[in-house]
Amino acid sequence: MAKRLSLDFITDIPHSSEFNHFIGDKIYLDHDMYEMIVFNLCSNALKHTWNGSIIIRLYLDYKDQKKMIVLEISDTGIGIPEDVLPNIFQRFYRVVSQSSRSHEGIGIGLALVKQLITHHGGDITVTSAINKGTTFKCWFPIGCEHLPTNQIRFNNFGKPINNDQELNRQLYLEECSQWAKNNMPEVQFDRNQLSVDDDWSVGKVSTKEISSPSSTDNLTAKKKHQILLVDDNNDMRNYLSVLLKEFDIINAHDGRDAIKFLKKSDKLPHLILSDVMLPNMNGYELLDALRSNTKTRLIPVILLSAKADEDSKIKGLDKGAVDYLIKPFSAQELIIRIRANIELSLLRSKIILQQSNKKK
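Fair warning: this is a prediction, and the values are worked out from it, not measured in the lab. (Residues numbered from 1 in each chain as written. Predicted model: local features only at pLDDT ≥ 70, side-chain atom pairs only at ≥ 80, totals over all residues. Heavy atoms only, no water.)

## Details of helix α7 (residues 283-291)
Counted only if it meets this: Between buried and exposed lies partly exposed: a residue is buried under 20% and exposed over 50% of the maximum accessible area for its type, with that area taken using a 1.4 Å probe on protein chains only. The way it works is that DSSP assigns letters per residue, a run of H or I at least four long becomes a helix, a run of E at least two long becomes a strand, and they are numbered from the N terminus. Whether two residues are in contact is decided by their heavy atoms, any of which lying within 4.5 Å being enough.
The buried fraction of α7 is high, at 7 of 9 residues. What α7 keeps buried is the set Gly283, Tyr284, Leu286, Leu287, Ala289, Leu290 and Arg291. Residues of α7 that are buried in the fold lie against β6 (226-230), α6 (255-264), β8 (271-275), β9 (301-305), α8 (310-318) and β10 (323-326).

## A short note on the pattern of salt bridges
Note the cut-off: Definition used for salt bridges: Asp or Glu carboxyl oxygen within 4 Å of a side-chain nitrogen of Lys or Arg.
If you walk through the whole model with that rule in mind, you get 8 salt bridges. In this structure, Asp12 engages Arg57 in a salt bridge whose closest nitrogen and oxygen atoms are separated by 3.6 Å. With Asp12 in strand β1 (residues 8-12) and Arg57 in strand β2 (residues 53-63), this pair connects stretches of sequence that are 45 residues apart. The exposure class of Asp12 is partly exposed, given its relative accessible area of 42%. A relative accessible area of 29% places Arg57 in the partly exposed class. Close ionic contact of Asp123 with Lys114 constitutes a salt bridge, the shortest N to O distance being 3.6 Å. For Asp123, a relative accessible area of 25% gives the class partly exposed.

## Thoughts on the nonpolar core
To be explicit about the condition: The criterion is simple. A nonpolar core is a set of buried Ala, Val, Leu, Ile, Met, Phe, Trp, Tyr and Cys residues joined through side-chain atoms within 4.5 Å.
If you look at the biggest cluster of nonpolar residues, it comprises 28 residues, and the most contacted ones within it are Ile37, Leu41, Leu71, Ile88, Phe136 and Cys138. At the level of secondary structure, the elements contributing two or more residues to this core comprise α1 (16-23), α2 (31-47), β2, β3 (66-75), α3 (109-119), β4 (123-129) and β5 (133-141). Of all hydrophobic cores here, the second largest spans 23 residues; its members include Leu228, Ala258, Val276 and Val301.

## Observations concerning the environment of Ser128
Our working rule: In protein, a polar contact requires one atom able to donate a hydrogen and another able to accept it; more generally it is a pair of N or O atoms within 3.5 Å, and residues adjacent in sequence count only if both atoms are side-chain atoms.
Mapped onto the elements of the fold, Ser128 is located in strand β4. With a relative accessible area of 23%, Ser128 lands in the partly exposed category. A sequence separation of 46 residues divides Ser128 from Glu82, and the C-alpha atoms of the two residues are 7.4 Å apart. Apart from the residues lying within four places of it in its own chain, the contact partners of Ser128 are Gly79, Ile80, Leu85, Gly133 and Thr134. In this structure the side chain of Ser128 is engaged in a polar contact, spanning 2.7 Å, whose partner is the backbone nitrogen of Ile80. Only 3.2 Å separates the side chain of Ser128 from the backbone oxygen of Gly133, close enough to count as a polar contact.

## Looking at the side chain of Arg291
For clarity, the cut-off: Only four residue types enter the tally: Lys and Arg on the positive side, Asp and Glu on the negative side; His and the chain ends are excluded.
Secondary-structure assignment places Arg291 in helix α7. With no salt bridge to any partner, buried Arg291 finds its closest opposite charge in Asp288, at an N-O distance of 8.4 Å. A distance of 3.4 Å separates the side chain of Arg291 from the backbone oxygen of Thr296, its partner in a polar contact. Polar contacts involving the side chain of Arg291 include one to the main-chain carbonyl oxygen of Arg297, which spans 2.7 Å. Residues within four places of Arg291 in sequence aside, it is in contact with Thr296, Arg297, Leu298, Ile299, Pro300, Val301, Lys319 and Gly320.

## Describing the packing of α2 against α3
To characterise two packed helices, one gives the angle between the axes of the helices and the distance between these axes. Condition: Angles run from 0 to 180 degrees between N-to-C directions of axes, and those axes are lines fitted to C-alpha atoms, restricted for helices to the stretch in contact. Between 65 and 115 degrees an angle is taken as roughly perpendicular, under 35 as roughly parallel, over 145 as roughly antiparallel, and anywhere else as oblique. Left-handed describes a crossing whose near helix is turned anticlockwise from the far helix through less than a right angle; right-handed describes the clockwise counterpart. Each residue gets one of three labels, nonpolar for Ala, Val, Leu, Ile, Met, Phe, Trp, Tyr, Cys and Pro, charged for Asp, Glu, Lys and Arg, and polar for the others, Gly among them.
At a closest axis distance of 10 Å, the pairing of α2 and α3 adopts a crossing angle of 150°. By the angle class used here, α2 and α3 are roughly antiparallel. α3 is crossed by α2, and the crossing has left-handed handedness. Contacts between α2 and α3 involve Met33, Met36, Ile37, Asn40, Leu41 and Asn44 on the former and, on the latter, Gly109, Leu110, Leu112, Val113, Leu116, Ile117 and His119. Residues of the contact of α2 with α3, tallied by class, amount to 9 nonpolar, 4 polar and no charged.

## Considerations on the pairing of β5
For clarity, the threshold we go by: Between any two strands, pairing holds if DSSP finds at least two bridges.
Most of β5 is tucked away, with 8 of its 9 residues classed as buried. Pairing of β3 with β5 involves 8 bridges; the strand directions are antiparallel. Each residue of the ladder has a partner; that of Met68, found in β5, is Pro141. Direction of pairing for β4 relative to β5: antiparallel, over a ladder of 7 bridges.

## A word on unusual backbone geometry
Positive phi is not limited to glycine here, since Asp64 has a value of about 55°. Mapping Asp64 onto the fold places it in the loop between β2 and β3. Judged by its relative accessible area of 65%, Asp64 is exposed.

## Section: the confidence of the model for the protein chain
Keep this limit in mind: As a per-residue quantity, pLDDT reports the predictor's confidence and falls between 0 and 100.
When pLDDT is averaged along the protein chain, the result is 77; 74% of the residues meet or exceed 70. Within the model, pLDDT remains below 50 along residues 182-212, and this stretch shows 67 contacts once partners closer than five positions in the same chain are excluded. Across residues 214-222, confidence stays below pLDDT 50; counting only partners more than four residues off in sequence or on other chains, it has 14 contacts.

## Notes on the sheet that holds β4
Hydrogen bonds along the backbone pair up the strands of a sheet, which may run parallel or antiparallel. In space, the 5 strands of this open sheet follow the order β1-β2-β3-β5-β4, with mixed pairing throughout. Each edge of the open sheet is held by one strand with a lone partner, namely β1 and β4. Adjacent strand axes in the sheet meet at a mean angle of 20° when their direction is disregarded. Relative to β2, β1 is paired through 5 bridges, and the arrangement is parallel. Along β2, the bridge assignment pairs Phe9 with Ile54.

## Regarding the sheet that holds β8
An order of β7-β6-β8-β9-β10 is seen for the 5 strands of this open sheet, with the pairing classed as parallel. A single partner strand is all that each edge strand has here, and the edge strands are β7 (248-252) and β10. Mean inter-strand twist for the sheet, computed between neighbouring axes without regard to direction, equals 20°. In this sheet, β8 lies alongside β6 in parallel orientation, the contact comprising 4 bridges. Across the sheet, the residue bridging to Leu228 is Ile272, located in β8. Against the sheet, α6 makes contact with β6 and β7, and its axis sits at roughly 150° relative to β6, the strand it touches most.

Structure, rendered in structure tokens:
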């Protein structure tokens, strides 16, 4: 991506044996969370840098007289005004800039990064100068004394990358490509199972082998209700994935991705949570597709949107959404509404099944 944007992407990472020697102890990190931190900060740097370079460094330093590992990501971009720096880690706070590659940010990316770093017992700091660049420093404590014992796992090296992790990486690239391809030749990314070919339509959604979630599905402690999350913004996907960790989250970039997932899946999700403004196929069009197919007609769909006008909400509900939430929304309210709609859907499925058995 940096090459496409004519930027230098520099990594200054010491050799592992040398680094381990200086550290003198282990570092305990959640792999997925750490990857999310790196992706988010790198995406942010790419988005706000037009000339020069992005540098990633990893080194040992001291903070509050404690030895810590620092992940530093710096750029030569547009910078952040000094008067707003204290607010950038607040959820839904946006730095308005006409010089950014994208104006679609929703102000949760940096808040999420801070939350993930705090979860590790660390901290994040930032310095910036207008038209000179920005530097984020992520501070991670060494050792495990700061962590609850039930969260510690030892020697979890060589963990294979699962399909969900790879998909999340591709979705990150997909969003970057949306604002990069205006200036660069388009690159086709391998979207794995969520790519959509040219030969598809609502009527061609194959649902013969897709079974609806029953009232007994995913109710055990080892299983979770599955939610198909449809949003083209990686900040929002990451935020919602953390917020809705009690559920099994499947990510899709837009409505076409969601259709493709439904075509390939052997079971329907318990609920679909979708943004309205999406590329290729928006939330309203996705609702049209779902409600026109007999197998997907009853999946509860909650729409999320920054469009707060009454007409937009009525349009979504008229098309078959069970709920319409306006951004920014209350996290607690969202979870309550998701739980309620899933339970209502399961109850409805149970009643339909009982009625069907009586007819037989």
